[in-house]
Amino acid sequence: MSKYKSEFLQVLDERGFIHQISDASGLDEKCVKNSIVAYVGYDATATSLHIGNLISASMLYWLQQTGHKPIVLMGGGTSMVGDPSFKDEQRTILSKEKIAENIAGIKKIFSKILKFGDSKTDAIMVDNAEWLLELNYVDFLREIGKHFSVNRMLSFDSVRLRLEREQSLSFLEFNYMIMQGYDFVELNKRYGCILQMGGSDQWGNIINGVDLGHRLRIEQLFALTTPLLTTASGAKMGKTASGAVWLNEDLFSPYDFWQYFRNSEDADVERFLKIFTRLPLSEISYAVKEDINEAKKLLATKVTEIVHGPEKAQQAAKTAKATFEEGAIDLSLPSAKISKAELNEGVGLLTAFVKAGLASSNSEARRHIKSGALKVNNKQITDERAILSEKDLLPEGVIKLSLGKKRHALLKLV
């Protein structure tokens, strides 16, 4: 039984989204009485979001579904500085052109999650470059900077831990939390926004905005963060041996995305179903109790449907079934192209696995060979100097490469 009265907070609570709320009873009361406006900010540090961002995007989904208005804030301005929170060193400084390219890539996911438009609860997308890039520096310091205590800013974990490790924190980065706090106030002035949501690592930055609103004597603002999502074994959610689990398919294929969730640990399945899917809680509970492996497939398919659409989700499920349960060669597996000329010359085994995305380097592929994890056409490979040639082509015109039992890719002849 949820401790909240509003449908929005009830849903977030029951599905495991809530870590901290600045004033839980006050926010709950606001959500009961009125339709509120809330936002999540996304800096444009890459051309795609990753599955960690899918958690906050899902909170915006439930916000809208329970009668409130979501704002997706793109960090065109803050991305020019870079969030130093819990980073060991300063982020790479991005050009305006690169930031614009990244924003264009990030926008793709939100049309699949939220309904945009002009009605009361339709989502809107705005860019903080609209106000941050137009600021007069001295006026900003006089009007906004005077409300921030350096002593307090130094106490936040995101800053304190960096300084304790004697790692440099530039003045540029130190301004980030002031800019993010100002974003909150600006969104309140423009759209009546009263709630900022984000991951637990953003608590300090979000609270700065709440405090700034109080000092500027505007209406009460609220902060809500989600827990840092880790797997049952303690690993950070969203990382694979080859890197992040991206939401855009040009960086991470729908099949690999489906497979990532299919390979969830048993203890994580119910929690992930609650957070990443829209299935009713009763259906989730039943699925997990009935058959954990089928529940994993359900999880993989439903999340892939949200991110990549029903057709690609079903194709990924079909490919996995053909590959793992029927032992067939499914041509929709992730693939890399290879020419006849390359095969005639011979392709080194290590090079092939890197080319197919199953290893990040020759040395990583070599380690997998030593552990007995690599196969070519379902046959284990023990010789790192092996060469692939036309004789390795299957009748389908492909060479199947496998890393362990769960990761497969094809070299396709072109």
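Structure shown above.
Residues numbered from 1 in each chain as written. Predicted model: local features only at pLDDT ≥ 70, side-chain atom pairs only at ≥ 80, totals over all residues. Heavy atoms only, no water.

Student: If you had to explain the pattern of salt bridges to someone new, which residues and values would you point to?
Tutor: It is possible for side chains of opposite charge to pair when their charged atoms get near one another. Applying the stated criterion to the full structure yields 16 salt bridges. Glu29 serves as the salt-bridge partner of Lys5, at 2.9 Å between the closest nitrogen and oxygen. Residue Lys5 is located in the segment before α1 (7–15), and its partner Glu29 is located in helix α2 (residues 24–33); the two are separated by 24 residues in the primary sequence. Taking relative accessible area as the criterion, Glu29 reaches 30% and is therefore assigned partly exposed. In this structure, Glu305 engages Lys302 in a salt bridge whose closest nitrogen and oxygen atoms are separated by 3.7 Å. Placement of the pair is Glu305 and Lys302 together in helix α15 (residues 292–308), with a separation of 3 residues, close to one helical turn. Owing to a relative accessible area of 22%, Glu305 belongs among the partly exposed residues under this scheme. The exposure class assigned to Lys302 is partly exposed, which follows from its relative accessible area of 28%. Among the charged side chains, a salt-bridge network with shared partners connects Glu130, Glu186 and Arg190. (Salt bridge = Lys/Arg side-chain N within 4 Å of Asp/Glu carboxyl O. Helix = DSSP H or I, 4+ residues; strand = E, 2+ residues; numbered from the N terminus. Buried < 20%, exposed > 50% of the residue type's maximum accessible area, 1.4 Å probe, protein only.)

Student: Run through the environment of Ser363, naming residues and quoting values.
Tutor: Here Ser363 shows up in helix α19 (residues 362–370). Looking at Ser363, the relative accessible area reads 34%, which means it is partly exposed.

Student: Go over the packing of aromatic side chains with me, naming the residues and quoting the values.
Tutor: All told, the structure shown has 7 aromatic pairs when counted by the stated rule. With centroids separated by 5.4 Å and ring planes inclined at 85 degrees, the aromatic side chains of Tyr260 and Phe261 adopt a geometry described as edge-to-face. For the pair Tyr260 and Phe261, one class covers both residues: buried. Put simply, the rings of Phe257, Tyr260, Phe261, Phe272 and Phe276 touch in pairs and so form one group of aromatic residues. (Phe/Tyr/Trp six-rings, centres within 6.5 Å; stacked < 30°, edge-to-face > 60°.)

Student: Account for the sheet that holds strand β15 (residues 407–413), naming residues and giving values.
Tutor: The mixed open sheet is built from 5 strands, whose spatial order is β9-β15-β14-β11-β12. Among the strands making up the open sheet, the edge pair consists of β9 (335–338) and β12 (379–380). Pairing of strand β14 (residues 398–403) with β15, which is carried by 6 bridges, proceeds in the antiparallel orientation. Within the sheet, the bridge partner assigned to Ile399 lies in β15 and is Leu411. (Pairing = 2+ DSSP bridges.)

Student: Give me the lowdown on a nonpolar patch on the surface, citing residues and values where you can.
Tutor: A cluster of nonpolar side chains, Tyr137, Val138 and Leu141, forms an exposed patch at the surface whose accessible area comes to about 290 Å². With respect to the helices and strands, the residue Val138 is situated in helix α6 (residues 137–143). (Patch = residues over 30% accessible without salt bridge, like charges linked within 9 Å, V, L, I, M, F, W, Y side chains within 5 Å. Areas by Shrake-Rupley, 256 points an atom, 1.4 Å probe, with all protein chains shown as cover.)

Student: Run through the nonpolar core, naming residues and quoting values.
Tutor: Residues Phe261 and Phe276 are the most contacted members of the largest nonpolar core, which totals 98 residues. The element best represented in this core is helix α3 (residues 51–65), accounting for 9 residues. Excluding its chain neighbours within four sequence positions, the residues that come into contact with Phe261 are Ile51, Met237, Phe276, Lys296, Leu299, Ala300 and Val303. In terms of nonpolar packing, the next biggest core, distinct from the first, is built from 23 residues, Leu343, Leu350, Ala352 and Leu401 among them. (Core = buried A, V, L, I, M, F, W, Y, C linked by side-chain atoms within 4.5 Å. Contact = heavy atoms within 4.5 Å.)

Student: Could you give an account of the environment of Arg366, with specific residues and numbers?
Tutor: Residue position: Arg366 is located in helix α19. Sequence separation between Arg366 and Leu350 is 16 residues, and the spatial gap between their C-alpha atoms is 6.8 Å. The residues contacting Arg366, other than those within four sequence positions of it, are Leu350 and Glu384.

Student: Give a detailed account of unusual backbone geometry, specifying residues and quantitative values.
Tutor: Positive phi, normally seen in glycine, also occurs at Arg217, with a value near 60 degrees. Tracing the sequence through the fold places Arg217 in the loop between α11 (203–215) and β6 (222–226). Although it is not a glycine, Asn378 sits at a positive phi angle of roughly 70 degrees. Considering the arrangement of structural elements, one finds Asn378 in the loop between β11 (374–376) and β12.

Student: Summarise the sheet that holds strand β4 (residues 124–127); cite the residues concerned and give the values.
Tutor: Spatially, 6 strands are ordered β1-β6-β5-β2-β3-β4 in an open sheet, and the strand pairing comes out mixed. Among the strands making up the open sheet, the edge pair consists of β1 (20–21) and β4. Of the strand pairs in this sheet, β1 and β6 are connected by 2 bridges, and their pairing is antiparallel. The residue bridging Ile21 from the neighbouring strand is Leu224, located in β6. Sheet strands in contact with α11 are β1, β5 (195–199) and β6, and its direction is about 170 degrees off that of β6. (Axes fitted to C-alpha atoms, helices over the stretch in contact; angles between N-to-C directions.)

Student: Please give an account of the packing of helix α10 (residues 176–191) against α11 that cites residues and values.
Tutor: Across the interface, α10 lies against α11 with an axial gap of 8 Å and an inter-helix angle of 55 degrees. It follows from the interaxial angle that α10 and α11 lie oblique. The way α10 lies across α11 gives a crossing that is right-handed. In this structure, α10 contributes Tyr176, Met177, Gln180, Gly181, Tyr182, Phe184 and Val185 to the contact, and α11 contributes Asn205, Ile206, Asn208, Gly209, Val210, Leu212 and Gly213. (Parallel < 35°, antiparallel > 145°, perpendicular 65-115°, else oblique. Left-handed = near helix turned anticlockwise from the far one by under 90°.)

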